[in-house]
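So the chains spell out like this:
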There are 4 protein chains.
Amino acid sequence: MHKDMHKHLDKVHQIKTEKNMTCNELVNQMDKSGVMGAGTIAKAADIMEHMIKDRKCTVFLGLAGAMVPGGQKQIIIDMLKDGWVDVIVTTGANLTHDLVEALGYHHYQGTHMISDEELNKIRVDRIYDAFMPDKVYEGLEKFCKKTFALMPKEKMNIKEFLWHLGKEVPYENSILKICADKKIPIFCPALSDSGIGLQVWSYMQENKIDVSAFDDLKDMIDITWTSETNGVLYIGGGVPKNYIQQALQFAPTAASYAIQITTDTPESGGSSGAELREGISWGKLDKKAKYVNVTCDATIALPLLSAAIKERLEKYKNQK
Amino acid sequence: MHKDMHKHLDKVHQIKTEKNMTCNELVNQMDKSGVMGAGTIAKAADIMEHMIKDRKCTVFLGLAGAMVPGGQKQIIIDMLKDGWVDVIVTTGANLTHDLVEALGYHHYQGTHMISDEELNKIRVDRIYDAFMPDKVYEGLEKFCKKTFALMPKEKMNIKEFLWHLGKEVPYENSILKICADKKIPIFCPALSDSGIGLQVWSYMQENKIDVSAFDDLKDMIDITWTSETNGVLYIGGGVPKNYIQQALQFAPTAASYAIQITTDTPESGGSSGAELREGISWGKLDKKAKYVNVTCDATIALPLLSAAIKERLEKYKNQK
Amino acid sequence: MHKDMHKHLDKVHQIKTEKNMTCNELVNQMDKSGVMGAGTIAKAADIMEHMIKDRKCTVFLGLAGAMVPGGQKQIIIDMLKDGWVDVIVTTGANLTHDLVEALGYHHYQGTHMISDEELNKIRVDRIYDAFMPDKVYEGLEKFCKKTFALMPKEKMNIKEFLWHLGKEVPYENSILKICADKKIPIFCPALSDSGIGLQVWSYMQENKIDVSAFDDLKDMIDITWTSETNGVLYIGGGVPKNYIQQALQFAPTAASYAIQITTDTPESGGSSGAELREGISWGKLDKKAKYVNVTCDATIALPLLSAAIKERLEKYKNQK
Amino acid sequence: MHKDMHKHLDKVHQIKTEKNMTCNELVNQMDKSGVMGAGTIAKAADIMEHMIKDRKCTVFLGLAGAMVPGGQKQIIIDMLKDGWVDVIVTTGANLTHDLVEALGYHHYQGTHMISDEELNKIRVDRIYDAFMPDKVYEGLEKFCKKTFALMPKEKMNIKEFLWHLGKEVPYENSILKICADKKIPIFCPALSDSGIGLQVWSYMQENKIDVSAFDDLKDMIDITWTSETNGVLYIGGGVPKNYIQQALQFAPTAASYAIQITTDTPESGGSSGAELREGISWGKLDKKAKYVNVTCDATIALPLLSAAIKERLEKYKNQK
C-alpha cells in the first residue's frame, strides 16, 4: 500500500439532515458518509437499484423472520408487484401470517413486557411485541379445508401447492395471492413447519393430498441454471437464505449482486449470520459481485430502502 | 413485595475456581452465583438433569447451526446413545456434514481472516473458521446414488428416508447411523435445503424416489400427543426449534422442561431469538415449566453442560 | 385481562412506502405498524419530539461510540445548535475525532477487510471501516500545546477545561466549539482516556495544568437537582450513559423521557446494554416516564430520527 | 494457496466429554476441535498460560461490566493474588460493588422478569437479574466519610486515592484491598462515574480532597514504557480497554499477547466491540502477537478459563 493511499479514498462526509428530506435524500447522505451501519444502508440501496435495473438479472428474495406481524407485508407485496423480485423463498410462518391477514384477521400492537400466562388464558399468541388472537386458527382451518378440497389429486410440488392455495385467497393484498396471480415462483422448503403445514396434516387425516418434499428443487435449480445474471436479497437467514445459496452453488453463474439484512453475527458459525463473502469460497457469490452485509433490524432497514428505491426508480423512469 | 424480600433470595456467591475442579464442580459454582450468563448455565444443567431423569419425559432436541464443523457431533451422538434425547429435529446441513465425516472426509481448522476468492480457487468451502474440501461432494454423490437405489420405491416420509440412509452409513460414530440403528425418530422438515437434498434432486433426474413433504407431521404429532411429559433442548433456532414448538402447541401437554442455547436476540421478532416464555402464550410451554434461555455460543455451552451432566448421572447411578 | 383485550389495541398496519416520501412520513408509517424495531423508531421520534417541545425539560445527551468517524457529527451539532439538547456527556474519543476534523484532517471511507499490518506500515489507523491518518496526532499536539498554554493556571474542572479548549477551536462546525460558544455544559468524565487526554499528559511533563477528577460532579448534579423535568437520549452506553443515570439517581426528579439507541443487549448484565426500565428500580427513570429502547446501529437510527424531528418541529413552528 | 493446503491444517476433532473431566481437560478438547466459540476459548487459555508464564510480560487486565454482581469477584482476586495480572484498569462500578460486599452487604439472585416499579418501592436496585438493596449507600457513605478524612490533603492521582481507600477496607477478599496491600497499580479513569465518585462529591461539599484527572496517565504510561513485553486481557470494553490500548499505542512495545472477552460486535464501529486486530493498525497490538477475540458472556468464559489455567500452572509448578 502506498503511504498516501487514504488520500485516494473518499472522505467521510458528515451526514446532514434537512427538515423535509425524502428517504432517498437521507440514503444519499449516508452514501456520502460511507461507513459503518449508515454506509451499508447506502451500499444496499445502490446494489438494489442496480439489480432491479439490470434486465438480465433474476432477483431472489429470501424471507425469514416475522415480517408480516412486523409490518413489512406491503413492502414485500410492492416488491413483487413492481417486479423488483423474480423469485421468493420464504418460511411457512410468513405465509401463514399473510394468509391470516388475508382472511380478515389482524395482528395487534402489544408488548413483550407482559405475562405470557395471562395471554394464554385469554388465548392471545405473542410474537415479541405483536399479538395474534389464537382463534385465527379457526378461520385458517375453514379456509384450508375448503381450498385443499379443490386441489388436484395428483402429486404436486410445494410451489404448485402454494399457487393453488394463493389462487383462492379472498384478498388482493397478499403475498400468496400475488405470487399465484403473477405466477411468481414461490418456494417454501419447510412449509410443513408452519400453521399451513399443520392444516395439511389435519386434512390428510381423512383426505389425500400428495406434495413432494424434493420436487421444487428442479424448478429452483432450473431458474438459477437458465438465468444470465443472479441477484439475491436475504432478509434474515434460515432456510430461505440457504436454499437460494445452494441453488447458486452449482449454477453456472454465481450471484453478481447480494444484500443481506440481519442482526445475526458470524462468530457462532451458522449460515444465518455468515457474512456474504463466505459464499465466494463455495461458488455461491461471484468474486466480482457487488455485495453488502447490513447488520440491522429488517423492520427498520427495509422500509428505508424501499422508499429510497421507489424514488430512484421513478427518477429513472422519468429520465427515459 | 415485602421490603425485605431480597433477604429471602439466595445471595450471589462469588464463583471460586480450583485447580483440578471438574466441569460439574464449576457448574455447581455457577449455580451458587446464580445470575447472568453463569446462572443460566447452572440452571440449564439443573433442568437437563431433571428431564433426563424424569422417565416419563420425552426429550426433543432441536439442532440448528454448524454443529458438526463446530466439533459438537460426538456430544450429540453421546446424547442419543445414552438416551438423553428421544427425538431429534435438525437442519439438513448438520446431517450432510455428519455424512461427510462418516464417509471419511474431514473438516479443518481454518480461519475467517482469509481471501474467499483464494479458497474458491483451490476448491475449499468455508464455514466461518472451519474449512471443508469441496470434493466431499464427489463422495457424497457416490454414496447417495448407491444408497438411494436400495431404497423402497413406495412413498416415504423424511424420517423413513433418513433411517434408510442412516442404515447404510459405513461408520458407527454418526448421527444418521445411530438414529437409524436405534430407531430414534429423526425429523428434518427442510431436508431438501441441504447437500443431501441436492443429491436426491440429482438422483431424481433419472430415477424415482417418492418422499412426502408433510407425512412426518403425523409421526411428530403422534409423539407429542402420546407422551406424558415433554422436554425440549433447542440448540440454535430456525426450523428445528419451530417444528418442535408447533407440535407442542396443539398437544395435550405443553413442554414441562425447556432449554434454549442461542446467541440470537428477541427484539427483531423472529422465532429463533424469541424467549422461551413467549411459548407460554401459545400453549407450547407449560406455565409451570422449568425453563431457561442460555445466551451463549453453543460450542462453548454445550460441552460444559454435557460434561457436567455426565458426572451428575454417574453419581446418580452409583447412588442407586 | 379481558379475553377481547387485543381488540382495544391498535392493529399492526402494514408499512406503505411511497416514492417521494419524507423521512418523517416513513417514521409515521412505522408508528402505524407500531411493533418490533420499526415501532421503537416511531416511539423514539414521538418521545424526542415531546421532550424537545417540553420547555421545562432539560435534555441530556449521552454520546458513546465512534460517532464522528461514523458520520454523525453534524447531526449532533445541529442538535446542540437548535437547542434540542441542553447537556452533553461524551467519551474523550468523540471529542478527539471532532477536534481532528476541526483542525482540517479527515476520516476516510475504508474497509475492515484489510491487513492491519499493512495499514500500520503506512501509518493509517483503522476504526472498523473508517481510516484516519496517524499524523493527525502531529496537528493535535501542535494545537493542544498552544491552547493549553493559554489556559488559566488555577484548578479547573473538566467542563471548564473543555470550554477553554473549545473556544480556541478554529472551525465553526465542531462539537467542542459550539459547546464553548453557547456555554452548553459538556461533561467527559474519562477525558484522560483519549487523544486529548494524552496531550494533557504530554504537556504536563514540563508545564502545569490542574484539572480535578471529581469537581464536574457538582455542576452535573446541580443541573439535575434544579431542573424541573429531565429527558435523556443515550447513544451507546459506557460512561456517558452511566454518568447521566447516576446524576438522576439521587435527583428529586427522575427522567420523564428516555431514549436509548444501542446494539448492546442486557443479558450479560453490563450498564451499556441494560434496558431503560431497569432505571426505574434505581430511581433514575420515573415510573410514569415515556421511554423506549431502540436496538439499532445509531448511524442508521439517529439520522432517520433527526430528519423526522426536523420536519415535525418545522410544522409545529409554522402552526404557531 | 496450494490446492491441498487444507491437508496441512489440523482436523476439527469432535469434542469428547467425559464424566469426571476437569475444566482443563474440557478446554483441551476444545483445543482439538479448534474452531468457532470453543476454539476461541482454547486459544485464550493457551495465550493466558503463555503470558502468565512469560516472566518478562506485564499483564494488564481491563475490567468492565457487572463483574461483582455477576459472581466473578473471587476469580479477579485470585488473578491478582496469584500474580497473573500486574496492572488493573476498571470501571468505578466494579470497585463500588466490591466495596459494598467488603462492607458486609450482598448482591442477591433476582430476576429480570419483575416490575421495576415494585422494586423501587421496596428500595431494591436491579442489575439485570441481580438485586442490590439500596441501603448499601448508607454503609458506603459512612465508610467513605471516615476513610476520606484519613486521606492526605495534598494532590493525589486516582491510583493513590484508591490505594488509600483500599488500605482501610475491612475485609481481605476485596479487589480494592488486595491492590492496596500488594501495591498493584489500579487505574479507574472514570472513577467519578460511580458510587464511590458520588461519595467524593458529597464529601467535597464540606471538605477538601484533591484528585487529579490526568496524573494517573504518567504512572500508566511509565509502566508500558518500561515493560519489556506486554499482555492484555480485556473483559468487556469501555474505558478500561481503551485506556490500556492508548497507553500501548505510543509505547515502544505493542502488546504481544491479547485476549478479549465480550459479546459486543464490531459493525457499529465502537471501541468496545472492535476486533483486537484493529489494534495492529494503531500500533497497540504487535503484528506478531498471539491474540484472540472470545465472543462470549464473560461470566461463562472467565470461570472456565480460570479453572483451566489453575490446573495448567499447577502442573507446570510440579514439573519444575
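Our structure's up above, just so we're on the same page.
Moving on: the overall build of chain A. Across its full length, chain A holds 13 helices and nine strands. Scaling as 2.2 N^0.38, a compact globule of 320 residues should have a C-alpha radius of gyration of about 20 Å, and chain A matches this with 21 Å. Dimensions of chain A, computed from C-alpha atoms along their principal axes, come out at roughly 75 × 50 × 45 Å. For chain A, the residues scored as buried account for 66% of the 320 residues in total. Considering only contacts within chain A whose residues lie at least 6 apart along the sequence, 75% involve residues at least 24 apart.

With that out of the way, let us pick up the packing of helix H6 (residues 136-150) of chain D against helix H9 (residues 195-204) of chain D. Residue and element names in this part refer to chain D. Two elements in contact, H6 and H9, have axes whose closest approach is 10 Å; the angle formed by their N-to-C orientations is 60 degrees. When the axis of H6 is compared with that of H9, the two are oblique. The handedness of the crossing between H6 and H9 is right-handed. Side by side, H6 and H9 meet where Leu140, Glu141, Cys144, Lys145 and Phe148 of the first sit next to Gly195, Gln199, Ser202 and Tyr203 of the second. Tallied by class, residues from the contact of H6 with H9 come to four nonpolar, three polar and two charged.

Counting from both sides, the interface comprises 65 residues of chain A and, opposite them, 65 residues of chain C. Residue assignment for the side of chain A that touches chain C shows that the elements contributing at least two residues are helix H1 (23-33), helix H2 (36-53), helix H3 (73-81), strand S3 (108-109), strand S5 (130-133) and helix H13 (298-319) of chain A. The element that contributes the greatest number of residues to the side of chain A that touches chain C is H13 of chain A, accounting for 10 residues. Here the side of chain A that touches chain C is composed, by residue class, of 28 nonpolar, 23 polar and 14 charged.

Glancing now at the environment of Val87 of chain B. Residues and elements named next belong to chain B. Mapped onto the elements, Val87 comes out in strand S2 (residues 87-90). For the pair Val87 and Ile186, spaced 99 residues apart in sequence, the C-alpha separation works out to 6.1 Å. The residues contacting Val87, other than those within four sequence positions of it, are Thr58, Phe60, Pro185 and Ile223.

To continue, consider the sheet that holds strand S9 (residues 285-295) of chain D. Residue and element names in this part refer to chain D. A sheet is described by the order of its strands in space; here six strands give the open sequence S6-S2-S1-S7-S8-S9, paired in parallel fashion. Since the sheet does not close on itself, it has two edges, and those belong to strand S6 (186-187) and S9, each with one partner. Direction of pairing for strand S1 (residues 57-63) relative to strand S2 (residues 87-90): parallel, over a ladder of four bridges. Across the sheet, the residue bridging to Phe60 is Val87, located in S2.

Quoted interface sizes are often the accessible area lost when the parts come together. On the side of chain D, 61 residues touch chain C, which itself brings 61 residues to the contact. Elements represented by at least two residues in the side of chain C that touches chain D include exactly helix H5 (116-121), strand S4 (124-127), helix H9 (195-204), helix H10 (216-226), helix H11 (238-249) and helix H12 (278-282) of chain C. For the side of chain C that touches chain D, the residue count by class is 29 nonpolar, 19 polar and 13 charged.

Residue and element names in this part refer to chain C. Looking only at helix H7 (residues 158-167), the buried set comprises Ile158, Lys159, Phe161, Leu162, Leu165 and Gly166. The buried residues of H7 occupy an angular sector of 160 degrees when projected down its axis, which confines them to one face. On its buried face, H7 sits against helix H6 (136-150), helix H8 (175-182), strand S6 (186-187) and H10.

Once that is clear, we can look at the relation of the copies chain A and chain C. These two copies of the chain differ by a rotation about an axis and a displacement along the same axis. It takes a turn of 180 degrees to lay chain A on chain C, together with a shift of 0.0 Å along the axis; the resulting RMSD is 0.0 Å. Such values leave the two copies arranged in the relation of a two-fold axis. Taking C-alpha positions as reference, the residue of chain A nearest the rotation axis is Thr22 of chain A, located at 1.9 Å.

Turning to the nonpolar core, a few remarks are in order. Residues Ile41 of chain A, Ile41 of chain B, Ile41 of chain C together with Ile41 of chain D are the most contacted members of the largest nonpolar core, which totals 450 residues. Those residues within four positions of Ile41 of chain B in sequence are excluded, and the remaining contacts are Val27, Met30, Val294, Ala301, Leu304 and Leu305 of chain B together with Ile300 of chain D.

Turning our eyes to something else, we now look at the sheet that holds S3 of chain A. Within a sheet, neighbouring strands are paired by backbone hydrogen bonds and run either parallel or antiparallel to one another. Residues and elements named next belong to chain A. Spatially, S3-S5-S4 is the arrangement adopted by the three strands of the open sheet, whose pairing is antiparallel. A single partner strand is all that each edge strand has here, and the edge strands are S3 and strand S4 (124-127). In this sheet, S5 lies alongside S3 in antiparallel orientation, the contact comprising two bridges. The partner of Gln109 across the bridge, within S5, is Ala130.

Moving on: the relation of the copies chain C and chain D. Its rotation angle being 180 degrees, the transformation that places chain C on chain D also includes 0.0 Å of axial translation and leaves an RMSD of 0.0 Å. Comparing interface residues between copies, 100% of those in chain C also lie at the interface in chain D; the contact surface is shared.

Phi at Tyr128 of chain B is positive, roughly 55 degrees, even though this residue is not glycine. Its location among the elements puts Tyr128 of chain B in the loop between strand S4 (124-127) and strand S5 (130-133). Positive phi is not limited to glycine here, since Met36 of chain C has a value of about 55 degrees. Inspection of the secondary structure assignment puts Met36 of chain C in helix H2 (residues 36-53).

For the rest of this paragraph, the subject is the pairing of strand S9 (residues 285-295) of chain B. All names here are of chain B. In terms of residue burial, S9 counts as a mostly covered element, since eight of its 11 residues are buried. Pairing of strand S8 (residues 255-262) with S9 involves seven bridges; the strand directions are parallel. Each bridged residue has a counterpart across the sheet, and for Ile261 the counterpart in S9 is Val294.

So, on to helix H1 (residues 23-33) of chain C. Of all the 11 residues making up H1 of chain C, eight are buried; the element is thus mostly covered by neighbouring parts of the structure. For H1 of chain C, the set of buried residues is Cys23, Asn24, Leu26, Val27, Gln29, Met30, Asp31 and Ser33 of chain C. Residues of H1 of chain C that are buried make contact with H1 and H13 of chain A together with H2 and helix H13 (298-319) of chain C. At the C-terminal side of H1 of chain C, Gly34 of chain C shows a positive phi close to 75 degrees.

We now examine the packing of H1 of chain C against H13 of chain C. Each pair of packed helices can be described by the angle between their axes along with the distance between the axes. Residue and element names in this part refer to chain C. Axis separation between H1 and H13 bottoms out at 8 Å; the angle between their running directions is 105 degrees. As far as their axial angle goes, H13 and H1 are roughly perpendicular. Facing Cys23, Asn24 and Val27 of H1, the residues of H13 in contact are Leu304, Ala307, Ala308, Glu311 and Arg312. Counted by class, the contact of H1 with H13 contains five nonpolar, one polar and two charged residues.

Each value, and the rule that gives it
- Residues numbered from 1 in each chain as written.
- Chains lettered and ligands numbered in written order.
- Predicted model: local features only at pLDDT ≥ 70, side-chain atom pairs only at ≥ 80, totals over all residues.
- Helix = DSSP H or I, 4+ residues; strand = E, 2+ residues; numbered from the N terminus.
- Rg over C-alpha atoms; globule rule 2.2 N^0.38 Å.
- Buried ≥ 20, exposed ≤ 12 C-beta atoms within 10 Å, placed from the backbone.
- Contact = placed C-beta atoms within 7 Å.
- Axes fitted to C-alpha atoms, helices over the stretch in contact; angles between N-to-C directions.
- Parallel < 35°, antiparallel > 145°, perpendicular 65-115°, else oblique.
- Left-handed = near helix turned anticlockwise from the far one by under 90°.
- Nonpolar A, V, L, I, M, F, W, Y, C, P; charged D, E, K, R; others polar.
- Pairing = 2+ DSSP bridges.
- Arc of directions from axis to C-beta.
- Least-squares fit on C-alpha atoms with pLDDT ≥ 70 in both.
- Core = buried A, V, L, I, M, F, W, Y, C linked by C-beta atoms within 7 Å.

The analysis is restricted to geometry; functional conclusions fall outside its scope.
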